[in-house]
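Survey of secondary and tertiary structure
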Amino acid sequence: MTRISDLLSAGRTYSFEFFPPKSDREQLVLSQSLLELQPLGPSFVSVTYRGGAESRLRTQNLVTGMLHTSTLVPMAHLVCVAHSRLELAEILVSLRRAGIENVLALGGDPSSDPDSSPRELEHAIELVELARAIGGFSIGVAAHPSGHPASADLASDRDRLAEKLALADFAITQFFFEAEEYFGLVSDLAERSMHKPVLPGIMPVTGLSSIPRMARMGAAVPQWMVARLESAAKAGGDDGVVRCGVELATELCQALLEGGAPGLHFYTLNRSSATRDIYRALGLAPQLSGMRADSA
Ligand code: FAD
């Protein structure tokens, strides 16, 4: 097994994020995407977590399946909500027993599951402490370039992030659309003497309908991008929007890499085509030149 902190010490990492399938249909889509993304040779892959007993098994089954049946290096997400401290400790211990060495420690958003245990850990930093106490993990945390939506102000959010990152090994950001947002975050952390790697999270906009949802998640698509996507829609319909979204994400990735980002983390939404197209445009995947760009 490989620790992400060691990979980051050795150089840039390129990683993909997936969510655990909830139906046979979703399972098929994920299996196909994994088949198509594995040849890109990601440094690691991560699997999201929703609070509650069912999600606990889904995430754990997927990461252990990846560990034992592929060459992928998996990271399990884990959230404070919907579990007692003891349950979280049990999950961490069972991940370690299964051979998982990488965990993304998150606050999580309030759970709607009526059967979930009351939340005992308030903030992600407490989960980082718990994972450290159990030992053997490389630990990542979340970062929010424009500040967490619930934060009173940006400065205090950056203070909390610097404290959390001091105990963790690396951070992965919420998606964002302009390189300055990422470099602003990195420079705010540097002012707080925090220099650990922060991986930028990349989410291409592949449909106009996703724009309001992204804004609700605290990552508003800037107006100049909306204008470019809308004119792509007029000229080329849905396909035009996808092509434009991939182009915009590629430009963002180029700016991030040129500015010294320690890697790229792609939110795949369990699909492969946009990530493969961006990889190809960045020149990261020459071996894929014969692969169909429209599958998935
Ligand atoms: P925290 O670090 O706890 O921060 C939350 C808020 O509390 C912030 O406003 C912060 O400033 C404040 N805060 C932090 N520490 C303190 C403190 N000690 N005292 C006072 N205030 C404090 N959600 C899921 O449910 N499942 C997932 O798999 C998942 N994966 C994600 C992956 C990435 C890369 C990212 C960026 C987010 C992910 N999320 C996921 C969403 C995340 O759970 C939410 O954004 C959540 O609202 C905050 O999580 P956090 O880890 O940033 O929380």
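A brief look at the structure comes next. (Residues numbered from 1 in each chain as written. Predicted model: local features only at pLDDT ≥ 70, side-chain atom pairs only at ≥ 80, totals over all residues. Heavy atoms only, no water.)

Some points on the overall build of the protein
Across its full length, the protein holds 10 helices and eight strands. Taking 19 Å as the expected radius of gyration for a compact globule of 296 residues, we find that the protein reaches 19 Å, a close match to that expectation. C-alpha extents for the protein along the principal axes are approximately 55 × 45 × 40 Å. The buried share among the 296 residues of the protein stands at 50%. For the protein, restricting intrachain contacts to residue pairs at least 6 apart in sequence, the fraction spanning at least 24 positions comes to 77%. Surface exposure of the protein reaches about 13,500 Å², of which carbon and sulfur atoms provide 53%. Computing the positive centroid from 26 side-chain charges and the negative centroid from 34, the protein places the two 4 Å apart. (Helix = DSSP H or I, 4+ residues; strand = E, 2+ residues; numbered from the N terminus. Rg over C-alpha atoms; globule rule 2.2 N^0.38 Å. Buried < 20%, exposed > 50% of the residue type's maximum accessible area, 1.4 Å probe, protein only. Contact = heavy atoms within 4.5 Å. Areas by Shrake-Rupley, 256 points an atom, 1.4 Å probe, with all protein chains shown as cover. Lys, Arg positive; Asp, Glu negative; His and termini not counted. Charge placed at Lys NZ, Arg CZ, Asp CG, Glu CD.)

Focus on the site of the ligand
For the ligand, the set of nearby residues contains 23 residues, the closest of which are Tyr49, Asp109, His148, Ser151 and Asp157. The contact in question runs from a nitrogen atom of the ligand to an N or O atom on the backbone of Tyr49, over 2.6 Å. Backbone polar atom of Gly108 to an oxygen atom of the ligand: 2.9 Å apart, as the coordinates give it. Contact with the protein chains removes 83% of the 960 Å² of surface that the ligand exposes when unbound. Of all the secondary-structure elements, those providing two or more residues to the shell around the ligand are strand S3 (74-79), strand S4 (102-106), helix H6 (154-167) and strand S6 (170-175). (Near = heavy atom within 4 Å. Polar contact = N/O pair within 3.5 Å; in protein donor to acceptor, adjacent residues only side chain to side chain.)

Side note on the packing of aromatic side chains
Taken as a whole and judged by the stated rule, the model has nine aromatic pairs. Residues Tyr14 and Tyr279 carry aromatic rings whose centres are separated by 6.3 Å and whose planes lie at 75° to one another, so their mutual orientation is edge-to-face. Taken together, the residues span a long stretch of sequence, with Tyr14 in strand S1 (residues 13-18) and Tyr279 in helix H10 (residues 273-282) at a distance of 265 residues. Consider the rings of Phe16 and Tyr279, whose centres lie 5.6 Å apart with planes at 65°: the pair is edge-to-face. In this pair, Phe16 sits in strand S1 while Tyr279 sits in helix H10, placing the two residues 263 residues apart along the sequence. Aromatic rings pair up to connect Tyr14, Phe16, Phe266 and Tyr279 into one cluster. Against the face of Phe137 rests Arg96, its NZ or CZ located 5.7 Å from the ring centre. (Phe/Tyr/Trp six-rings, centres within 6.5 Å; stacked < 30°, edge-to-face > 60°. Lys NZ or Arg CZ within 6 Å of the ring centre and 35° of its normal.)

Observations regarding the environment of Ser5
Its location among the elements puts Ser5 in helix H1 (residues 4-10). In the structure, Ser5 is positioned 253 residues away from Glu258 in sequence and 22 Å away in space, judged by C-alpha atoms.

Concerning the pattern of salt bridges
Pairs can form between side chains of opposite charge once their charged atoms are near each other. By the definition in use, this model includes nine salt bridges. Two residues, Glu163 and Arg160, come together in a salt bridge whose shortest N-O distance is 3.0 Å. On the criterion of helical spacing, the pair formed by Glu163 and Arg160 is a turn pair, its members being three residues apart in helix H6. For Glu163, a relative accessible area of 40% gives the class partly exposed. (Salt bridge = Lys/Arg side-chain N within 4 Å of Asp/Glu carboxyl O.)

Shape descriptors only; they carry no functional weight alone.
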